[in-house]
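Working through the structure, step by step
Here's the letter readout for the chains.
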Amino acid sequence: MPLRSSLTPEAVVSALRAAGCVFAEDEAALILATARDAAELSSMVDRRAAGLPLEHVLGWAEFHGLRIAVESGVFVPRRRTEFLVDRALAEAPDASVVVDLCCGSGALGAALAAALDEAEVHAADIDPAAVHCARRNLAPYGGHAHQGDLYAALPTDLRGRVDLLTANVPYVPTPDLPLLPSEARDHEPPAALDGGPDGLAVLRRVAAEATAWLAPGGRLLSETGAHQTPAAVAAFTEAGLTARVAVSTEWSAHVVIGVRERSS
């Protein structure tokens, strides 16, 4: 039975709790603050109760202090990935040319652009819906979003000039995809999740070409799973990068950092 448009805050909480939303009160507050009228409120509650990710219902996600537009069907930026942004800024605080591959909504690129004054920021994704979303999020900073497969999407004049390269690649092993929460499995593009047999297929492709695009001293940072870090470090090393791992126990996040040494 459709929910009525005259929902009270208490009714919103009850509907979300009945649908299994663990943080029903917090989600209800966000939905109530976002809905522009009673009809939209009813629609938003219905969609969330049906299992649509909260960020797709709201049309935005909070990420690194920014409100990132997230359209239906686009990968939702995870809060743990803020650790990747923090590490990137610590590694290259003066970066002037930034590239974000597998950009999704453009959350990483927007966060880096907001923190790095006047940096030239480019983002790329193979999914046209993601690129459309990323353009919205990068526009306030003069950033650019390109559609295509990894480096093939980028302007060629970026080769050898990139100070900071981030790539929040898909790293879920294909056999583990059915184990993902339904919100991700049913509502996010498989290409944004599926990392191949061991989860590192895309990461290896990113690492393999990184030295051709990085400036001397440039950094590549990519998020991965804890059990994947030894193989990810090996992939970076084989590609000619000096690699190490940064870990956040708070976010259970693992970031592999690769440096193109200045002599290479």
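Residues numbered from 1 in each chain as written. Predicted model: local features only at pLDDT ≥ 70, side-chain atom pairs only at ≥ 80, totals over all residues. Heavy atoms only, no water.

1. A closer look at the pairing of strand β9 (residues 253-259)
Of all seven residues in β9, seven are buried; the element is thus mostly enclosed. Here β9 shows a buried face lined by Ala253, Val255, Ile257 and Val259 and a second buried face lined by His254, Val256 and Gly258. Sheet analysis places strand β7 (residues 214-224) next to β9, joined by six bridges and oriented antiparallel. Pairing of leucine 221 across the sheet is with isoleucine 257, part of β9. Note: strand β8 (residues 242-248) against β9, seven bridges, orientation antiparallel. Residue pairing across strands places serine 248 opposite alanine 253, the latter belonging to β9. In this structure, the hairpin formed by β8 and β9 is closed by a connection of four residues, where serine 252 is found at a positive phi of approximately 50°. (Buried < 20%, exposed > 50% of the residue type's maximum accessible area, 1.4 Å probe, protein only. Helix = DSSP H or I, 4+ residues; strand = E, 2+ residues; numbered from the N terminus. Pairing = 2+ DSSP bridges.)

2. Notes on the environment of alanine 50
Among the secondary structure elements, alanine 50 is positioned in the loop between α3 (38-49) and α4 (54-58). Take alanine 50: its relative accessible area is 65%, and that puts it in the exposed class. Spatially, the C-alpha atom of alanine 50 lies 38 Å from that of leucine 89, the residues being 39 residues apart in sequence.

3. Quick word on helix α2 (residues 24-34)
Residues Ala24, Glu27, Ala28 and Ile31 constitute the buried set of α2. The buried side chains of α2 occupy one side of the element, clustering within an arc of 100° when seen end-on. Those residues of α2 that are exposed and angled more than 90 degrees off the buried face are Asp26 and Ala33. The inward-facing, buried residues of α2 contact α1 (9-18), α3 and α4. (Arc of directions from axis to C-beta. Contact = heavy atoms within 4.5 Å.)

4. Overview of the nonpolar core
Soluble globular proteins tend to bury their nonpolar side chains together. If you look at the biggest cluster of nonpolar residues, it comprises 35 residues, and the most contacted ones within it are Val98, Leu112, Leu116 and Leu164. Counting residues per element, the ones that place at least two in this core are β1 (60-63), β2 (66-69), α5 (82-91), α6 (107-115), β4 (120-125), α7 (128-138) and β9. Ranked by residue count, the leading element in this core is α6, at six residues. If near-sequence neighbours (up to four positions away) are discounted, leucine 164 is found in contact with Ala88, Ala92, Ala95, Val97, Val98, Val99, Leu112, Leu116, Arg219 and Leu221. Core analysis: the second largest hydrophobic core is formed by 29 residues, Ala153, Val162, Val206 and Val256 among them. (Core = buried A, V, L, I, M, F, W, Y, C linked by side-chain atoms within 4.5 Å.)

5. Observations concerning the environment of valine 169
Its place among the elements puts valine 169 in the loop between β6 (162-167) and α8 (182-187). Take valine 169: its relative accessible area is 2%, and that puts it in the buried class. C-alpha separation for the pair valine 169 and threonine 224, spaced 55 residues apart in sequence, amounts to 8.0 Å. If sequence neighbours within four positions are ignored, valine 169 has contacts with Cys102, Val202, Leu203, Val206, Ser222 and Glu223.

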